[in-house]
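Residues per chain, in single letters:
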Amino acid sequence: MEALPIPERRRFINWFLGTSMGALVASVLYPIVRYVSPPRIAEAGTAQVEAGATDDPMLREKGFKIVRFGADPVIVVRAADNDYRAFSATCTHLDCIVGFEKDRNRIWCNCHGGAYDLTGRNVGGPPPRPLTAFKVHLVPKSEGTSTLVVSKA
Amino acid sequence: MTVTVLKWLDDRLGLSMLRDFLSHKTVPMHRYSVFYYLGGMTLFFFLVQVCTGVLLMLYYRPSANEAFESIELLVTAVPFGWLVRSIHAWSANLMVFFAVLHMVSVYFLKAYRAPRELTWMSGVLLLFLILAFGFSGYLLPWNQLSFFATKVGTDIAGVVPVVGEWMLRFLRGGDRVTSATLSRFYGWHVAILPAITTTLLLVHLLLVQTKGMSVAPGVEEEARRRPPMKFFPHFALRDLSGWIFALGVLAALAAMLPWELGEKADAFAPAYADIRPEWYYVFMFQTLKLVPGGEVMGVEYEAIPILLFSLAGALLLFVPFLDRGRSRGWAIGGILGLAFVVAMTCWGYGTLVPLYIVFLTALLLAVFAFITRSADAR
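What you see is a predicted model, and the numbers here were worked out from it, not measured in a lab.

Chemist: Got a sec to walk through the sheet that holds strand β10 (residues 145-152) of chain A? Specific residues and values, please.
Modeler: Either a parallel or an antiparallel arrangement is found when strands of a sheet pair, and the pairing is made through backbone hydrogen bonds. Residues and elements named next belong to chain A. Strand order across the open sheet formed by six strands is β1-β10-β9-β4-β3-β2, with antiparallel pairing between neighbours. The open sheet has two edge strands with one neighbour each: β1 (48-53) and β2 (64-69). With strand direction ignored, the average angle separating the axes of adjacent strands in the sheet is 30°. As paired strands, β2 and strand β3 (residues 72-80) are joined by six bridges and run antiparallel to one another. Looking at β3, one finds that phenylalanine 69 is bridged to aspartate 72.

Following this line, the structure appears as structure tokens:
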């Protein structure tokens, strides 16, 4: 077999060196990139939570409370006597936690001034989407009070 | 004896080279010379951050269950803990302030022109790193303000098309802002960012030394006419006086206006009224407040200002290569950009105080220019 001319042989070897260096760098970087991406850990699914009783002082005075629904906050609003509503408390704008303004009868986010009505619809400010609604059941507890049970709609 | 020791060290370390270099280093003198002190001032606050930061690490515990309590302990029970924490917080703000001031002056004096393009770029990257320090350090006390600031800040990263979701999870260490986020931010704040910043800072300083000080186009004549100032001892002593003055200001601020700790973060409480990020993010915050909800071609409106701010950051980084001509376009653009930032900051706070601070800074610089003037100008 005829030997390759020198420059061509050098190019061949350089190509080999170059690609093996590339492979080396990639084999170091790949595990690092994977390592810094946090694993997706399955969470125990929450179907419903008890959100206290209708005579909760916070609910009576401020007209709302925030409860844990799994790892997420859910806002329970007292729209009227025996009319309770629940929505995801995470603002659809930039992830802040919303509150309720009783005097103006709206769900309100203090971070960037997002407003939602009592059906969860985004009615003012920057939020792009309505709040996800949850269902509220009233389970009679004692004379005049009930337990609030919040579940996925 | 001393002479022998110095000779021995010099033979091994080449100290006389350094001395020669310092004795030949000069600083051009003209009516804008006062701006040459701003980088050094930023460096001073960085050094204060390193020292106080290391001290804070001795007591700080980076977990959601302990972080807030460890700082409570630090400021109430640890001797001078309140002082160290307050100096760290104030110095952080002053470092951002002086880094911005330094950049603004370098921008308008066009010091980024050839052959100093890389000095400028390393400087802009250092400013971004300082902002990253601010953002990551903000979460560490694990109070309500830091919790929401981090939720919003990382959610903004999530708005970026294509890579947004990966970035959000990478920053948070999961889907939500939790103790995992705190661990990550702590790692960034005390290890990764300091390592990158120190390296880049050395490059920046080395470039400043090798390329010398830039002289602005309008004052070249004046700088030729007037004798330059020797760096050592004249300029260095002025630098040092400034640093001592800055240390006094820091101590006074820390003692009279100690940094608040606020309330512990609660992932199940609404954001409190008038919640607002640190002053240097207020112009972006105010802009985000003004953009209504909605989407155009699958891109949410809120992504538009975020992408525009990123574009502005990129423009800033590459300005030495974009500003080729002698036109005033870049100066006018800079003034408009600055006016936007100041106006939005005023609007965000609902007061003109930020504007007064700009005027006060200009006034103080004029006073310092007078105090630090060279002998030939007296």
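Having seen the model, we can carry on.
Chemist: Hey, could you go over the pairing of strand β6 (residues 106-109) of chain A for me, with residue numbers and the actual values?
Modeler: All names here are of chain A. Residues of β6 alternate between two faces, with Ile107 and Cys109 buried on one and Arg106 and Trp108 left unburied on the opposite face. Bridge count for strand β5 (residues 99-101) against β6 is three bridges, and the pairing is antiparallel. Across the sheet, glutamate 101 pairs through a bridge with arginine 106, a residue of β6. Between β5 and β6, which pair antiparallel in sequence order, lie four residues; one of them, asparagine 105, sits at a positive phi of approximately 55°. Pairing analysis gives three bridges linking β6 to strand β7 (residues 114-116), with the strands arranged antiparallel. Bridged to cysteine 109 within β7 is glycine 114.

Chemist: Outline the packing of helix α15 (residues 329-349) of chain B against helix α16 (residues 353-371) of chain B, supporting the account with residue identities and numerical values.
Modeler: Residue and element names in this part refer to chain B. Two elements in contact, α15 and α16, have axes whose closest approach is 7 Å; the angle formed by their N-to-C orientations is 135°. Between α15 and α16, the interaxial angle falls into the category oblique. Residues Val342, Thr345, Cys346 and Tyr349 of α15 form the contact with α16, whose participating residues are Val353, Pro354, Leu355 and Val358. Its residues placed into classes, the contact of α15 with α16 shows seven nonpolar, one polar and no charged.

Chemist: Talk me through the nonpolar core; I want residue IDs and the actual numbers.
Modeler: Judged by nonpolar contacts, the single largest core of 51 residues is most densely connected at Val74, Ile75, Val76 and Cys96 of chain A. Examining the composition of this core, we find that seven residues originate from one element, helix α7 (residues 144-159) of chain B, more than from any other. With sequence-adjacent residues up to four places away left out, isoleucine 75 of chain A is seen in contact with Phe64, Ile66, Ala86, Phe87, Ala89, Val98, Phe100 and Ile107 of chain A. Counting 37 residues, the second-largest nonpolar core is a separate cluster that includes Tyr37, Phe45, Ala89 and Ala99 of chain B.

Chemist: Run through the domain arrangement of chain A, naming residues and quoting values.
Modeler: Parsing chain A into structural domains produces domain 1 (1-39) and domain 2 (49-152). Here the C-alpha centroids of domain 1 of chain A and domain 2 of chain A sit 58 Å apart.

Chemist: Requested: an account of the interface of chain B and chain A, with residues and values cited.
Modeler: Between chain B and chain A, the contact holds 30 residues from the first and 23 residues from the second. Those elements that place two or more of their residues in the side of chain B that touches chain A are α7, α8 (164-172) and α12 (282-290) of chain B. Among the elements that make up the side of chain B that touches chain A, the one with the highest residue count is α7 of chain B (five residues). Broken down by class, the residue content of the side of chain B that touches chain A amounts to 18 nonpolar, four polar and eight charged.

Chemist: Which residues make up the sheet that holds β7 of chain A, and what values do they have?
Modeler: Residues and elements named next belong to chain A. The strand order β5-β6-β7-β8 describes an open sheet built from four strands, whose pairing is antiparallel. Whereas interior strands pair on both sides, the edge strands pair on one side only; in this sheet they are β5 and β8 (122-124). Strand-to-strand twist in this sheet, taken as the mean axis angle between neighbours without regard to direction, amounts to 40°.

Chemist: So, unusual backbone geometry: which residues are in play, and what are the values?
Modeler: All names here are of chain B. Alanine 114 connects to proline 115 through a cis peptide bond whose omega is 5°. With respect to the helices, strands and loops of the structure, proline 115 is situated in the loop between α5 (81-108) and α6 (117-139). A cis geometry characterises the amide bond from phenylalanine 232 onward to proline 233, with omega recorded as 5°. Within the secondary structure layout, proline 233 lies in helix α11 (residues 231-256). Look at tryptophan 142: it is not a glycine, yet its phi comes out positive at around 55°. Looking at where tryptophan 142 falls in the secondary structure, it is placed in the loop between α6 and α7.

What counts and what doesn't
- Residues numbered from 1 in each chain as written.
- Chains lettered and ligands numbered in written order.
- Predicted model: local features only at pLDDT ≥ 70, side-chain atom pairs only at ≥ 80, totals over all residues.
- Pairing = 2+ DSSP bridges.
- Helix = DSSP H or I, 4+ residues; strand = E, 2+ residues; numbered from the N terminus.
- Axes fitted to C-alpha atoms, helices over the stretch in contact; angles between N-to-C directions.
- Buried ≥ 20, exposed ≤ 12 C-beta atoms within 10 Å, placed from the backbone.
- Parallel < 35°, antiparallel > 145°, perpendicular 65-115°, else oblique.
- Contact = placed C-beta atoms within 7 Å.
- Nonpolar A, V, L, I, M, F, W, Y, C, P; charged D, E, K, R; others polar.
- Core = buried A, V, L, I, M, F, W, Y, C linked by C-beta atoms within 7 Å.
- Domains from an automatic or database assignment.

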